[in-house]
Each structure stands twice: as C-alpha cells, then as structure tokens.
Amino acid sequence: MEIPATGMDLENTLTRIENRYIRLALERSGWLQIRAAELLGLSFRQFRYKLQKHGLRAGRGGSKPPAQG
C-alpha cells in the first residue's frame, strides 16, 4: 500500500473499512447481532456501540437489514 501523493484522511478511511466489515458480518450472520459480533471478535456491547457509531440498525429481532431509502 502507498499513501497518495496528495495525502489521505486516515480517520475517514478507517471508518469506511469498519463500516464495510460490520455490514459484511451482519449479512453473513443473517442480521443476528450476537453472531455478527462474534465474527468480528467483539463483545455484544462493543458491537452495539459500533452500530450506533455508524448509524446502522438491524431489523426487529435481528432478522432483516434496515430499510434503504
């Protein structure tokens, strides 16, 4: 990997990567938050914090992805 000559926004890049892995874990787990947390090596509490941080919500019962508008 290289840093672009114009520089980069590391915080934004890490946020995008974290968001993507959270979504992938939710998809793989069938939107079961406990299982998604396990896939990422996080406690359920850590995982819930990250969901809130990224503005993500699993559907009621953890069975459906949030509605996309």
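Everything numeric in this text was worked out from a predicted model, so none of it was measured.

A. How the structure looks around the pattern of salt bridges. With the rule as written, the count across this model stands at three salt bridges. Residue E18 pairs with K50 through a salt bridge whose shortest N-O separation is 2.6 Å. Here K50 lies in helix α3 (residues 44-53) and E18 lies in helix α1 (residues 10-28), a separation of 32 residues in the sequence. Neither residue differs from the other here; E18 and K50 are each classed as buried. Its salt-bridge partner being E38, residue R35 comes within 3.5 Å of it at the nearest N-O pair. With a gap of three residues between them, R35 and E38 both fall in helix α2 (residues 33-39), about one helical turn apart.

B. Region of interest: the nonpolar core. I22, A25, L26, W31, A36, A37, F47, L51 and L56 together form the largest nonpolar core, which totals nine residues. Elements with a contribution of two residues or more to this core: α1, α2 and α3. Ignoring anything within four residues of it in the chain, the contact list for L26 reads W31, Q33, A36, F47 and L51.

C. Representation of a nonpolar patch on the surface. Residues I3, M8, L10, L14, I17, Y21 and L24 make up a contiguous nonpolar surface patch of about 710 Å² in total accessible area. You can see L24 is positioned in helix α1.

Criteria and thresholds
- Residues numbered from 1 in each chain as written.
- Predicted model: local features only at pLDDT ≥ 70, side-chain atom pairs only at ≥ 80, totals over all residues.
- Heavy atoms only, no water.
- Salt bridge = Lys/Arg side-chain N within 4 Å of Asp/Glu carboxyl O.
- Helix = DSSP H or I, 4+ residues; strand = E, 2+ residues; numbered from the N terminus.
- Buried < 20%, exposed > 50% of the residue type's maximum accessible area, 1.4 Å probe, protein only.
- Core = buried A, V, L, I, M, F, W, Y, C linked by side-chain atoms within 4.5 Å.
- Contact = heavy atoms within 4.5 Å.
- Patch = residues over 30% accessible without salt bridge, like charges linked within 9 Å, V, L, I, M, F, W, Y side chains within 5 Å.
- Areas by Shrake-Rupley, 256 points an atom, 1.4 Å probe, with all protein chains shown as cover.

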